[in-house]
Structure formats: structure tokens, C-alpha cells
Amino acid sequence: MSAPTDAPTGRTALVVVDLQNDFCAGPVAAARYPGDPTRLATVAANTARAVEAARAHGTEVVFVRFIGDPVHQGASWRHRDAVLGKRPKCLDGSWGAEFHAVTPAPEEAVFTKAACFDAFLSEGFEAHLVGGGVQHLVLAGVFADVCVDSTARTAFQKGFHVTLLTDCTAALHLPDEAILAFMRRVYGARVTTHDRLAVWTRHPET
């Protein structure tokens, strides 16, 4: 796969990561998230606003979803779940796997991760970005220290610029501030909030 070019004229895409019921709403999410549950509701609401703003602005929106069925899990994943007593989430076809607070439009691309964290491991994701001339990813969704971080890390290594919408994400295992500072320091990620549309839709090099 060809890397993005160095010219600062590439397109921006808002990538919504795993904003699904089992991660954001209902008993599974409530039992798993250690912080204030209203934080997840706020993240979902802000992400929905960012999606609408991107559409109105003409910025592409790309959706990524997770399915965790055991048939897709590798041996190490199954072993971890057995040791920690974790149950699979976002089973394909279930309410838990459905998007929460957002609905992809018919023309918007949706990519599925089968028991993995990184959006770049979903079939067709990178090819879609490169084929569309996207060089700048704006990330929203959950969780900041798991799937959002995994996607940001690969994006940076593949030459994409990364922006994080801090009020559109939350961490699961680490303090929000710690993981955001890490991504700024290691990936050069730009951080801003969903209401600063003129900032996050702009290529970082312009």
C-alpha cells in the first residue's frame, strides 16, 4: 500500500471508532467503564455533533466498528478472556454491536474490525483512505487508550497526520490526560475539541 504523499494538500477524514452500544450504553458498558458513566454519554453526543459538522462542511466521515465473536478471536485473545473472565462484546448482529448515537449515511464507508483494535487491520480501510487522497485523520470514539490509540499509532507510522477530538473520546484503563499527552508526544497528534471545526478540518501543515 502506497503511503500518503508529503504534499500538504491531502484530504481530511473524520474517523469514528467503535461508537457502539456495548462500549457506550447499556449494562455491558456501565459495568466495564470505571469512570463517570455520563462521560460516555457526553463523548457520544459530541461525536454525533462532530459527524454532523463534518458532513455540513464537506469533510468525509468514515465509520469503524468492532465485532468480538469468539470465531474471530485469536488464541491469545481467547486465553486473555479466559484468564480474566472477560465475555465477548459486540457480537455480530446483536444490539451491542450497533452504532450508538450515530448512523452512517448510505454513501459513507463502514469498516469492520474482527476481534482486533487497530482500524488499519480492517479490510479495505487503508486502501479507502489512500485511494481517496486522505492524508489527515481526525479521530473520535472509544477507547482513547485502546482502539483509538492503536489506530493513531499505525496512522502515524504510515505517514498520516493525526488529530484527536478530546471531547469525543475517553480512556478505559488510563487517565484521559495521560494517553492524550502520550499521543501528542509520540505521534505528534494535534488535539482539539469538536466545536473547533475550522481547526480540525484543516490539514496540520497548512
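Heads up: the structure comes first, above all this text.
A brief look at the structure comes next. (Residues numbered from 1 in each chain as written. Predicted model: local features only at pLDDT ≥ 70, side-chain atom pairs only at ≥ 80, totals over all residues. Heavy atoms only, no water.)

**Brief notes about the sheet that holds strand β5 (residues 161-170)**
Hydrogen bonds between backbone atoms are what pair the strands of a sheet, whose relative direction is either parallel or antiparallel. Pairing is parallel across the open sheet formed by six strands, whose spatial order is β3-β2-β1-β4-β5-β6. Only two strands of the sheet have a single partner each, and these edge strands are β3 (110-114) and β6 (190-192). On average, each strand axis in the sheet is inclined to that of its neighbour by 25 degrees, with strand direction left out of account. Across six bridges, strand β4 (residues 134-142) lies against β5 in parallel orientation. Following the sheet pairing, V142 is matched in β5 by A170. Docked against the sheet, helix α6 (residues 147-157) engages β1 (11-17), β3, β4 and β5, running at close to 170 degrees with respect to β4. (Pairing = 2+ DSSP bridges. Helix = DSSP H or I, 4+ residues; strand = E, 2+ residues; numbered from the N terminus. Axes fitted to C-alpha atoms, helices over the stretch in contact; angles between N-to-C directions. Contact = heavy atoms within 4.5 Å.)

**Considering the pairing of β5**
The element β5 is largely enclosed, with a buried count of eight among its ten residues. Regarding the hand of the β-α-β motif, the stretch spanning β4, α6 and β5 is right-handed. Of the pairings in the sheet, the one linking β5 to β6 comprises three bridges and is parallel in character. Counterpart to L164 in the pairing with β6 is V191. (Buried < 20%, exposed > 50% of the residue type's maximum accessible area, 1.4 Å probe, protein only. Right-handed = clockwise from strand over helix to strand, strands pointing away.)

**Brief notes about the pattern of salt bridges**
Inspection of every chain in the model, using the stated rule, returns nine salt bridges. Between E52 and R55 there is a salt bridge; the shortest N-O distance is 2.7 Å. Taken as a pair, E52 and R55 lie in helix α3 (residues 37-57) at a separation of three residues, close to a single helical turn. By relative accessible area, which is 47% here, E52 ends up partly exposed. A salt bridge links E108 to R55; the shortest N-O distance between them is 2.7 Å. (Salt bridge = Lys/Arg side-chain N within 4 Å of Asp/Glu carboxyl O.)

**Observations concerning the side chain of H136**
Counting through the fold element by element, H136 comes out in strand β4. At 3.4 Å, the side chain of H136 and the side chain of R190 are in polar contact. Discounting residues that sit within four places of it in the chain, H136 has contacts with R11, T12, A13, H161, V162, T163, R190, W200, R202, H203 and P204. (Polar contact = N/O pair within 3.5 Å; in protein donor to acceptor, adjacent residues only side chain to side chain.)

**Here we look at the packing of aromatic side chains**
Counted according to the given criterion, the structure contains eleven aromatic pairs. Seen in terms of ring centroids, F63 and F99 are 5.5 Å apart; in terms of plane orientation they differ by 65 degrees. Their pairing is edge-to-face. Pair noted here: F63 is in strand β2 (residues 60-67) and F99 is in the loop between α4 (75-84) and β3, with a separation of 36 residues, a long-range link. A residue is classified by how much of its surface remains accessible, and F63, at 0% relative accessible area, is buried. On the basis of an interplanar angle of 35 degrees and a centroid distance of 6.1 Å, the ring pair of F156 and Y187 is categorised as tilted. Of this pair, F156 sits in helix α6 while Y187 sits in helix α7 (residues 176-187); the two residues are 31 residues apart in sequence, bridging distant segments of the chain. Taking relative accessible area as the criterion, F156 reaches 38% and is therefore assigned partly exposed. The class of Y187 is buried, set by a relative accessible area of 4%. Ring pairing ties together the aromatic residues F23, Y33, F66, W77, F117 and F143, which thus form one cluster. (Phe/Tyr/Trp six-rings, centres within 6.5 Å; stacked < 30°, edge-to-face > 60°.)

**Remarks on the pairing of β4**
For β4, the buried fraction is high: nine of the nine residues fall into the buried class. Sheet analysis places β1 next to β4, joined by seven bridges and oriented parallel. Considered in β4, the bridge of L14 is made with V138.

**A look at unusual backbone geometry**
With an omega of -10 degrees, the peptide bond between V142 and F143 qualifies as cis. With respect to the secondary-structure elements, F143 resides in the loop between β4 and α6. Its identity is not glycine, yet D18 carries a phi of approximately 55 degrees, on the positive side. Looking at where D18 falls in the secondary structure, it is placed in the loop between β1 and α1 (21-24).

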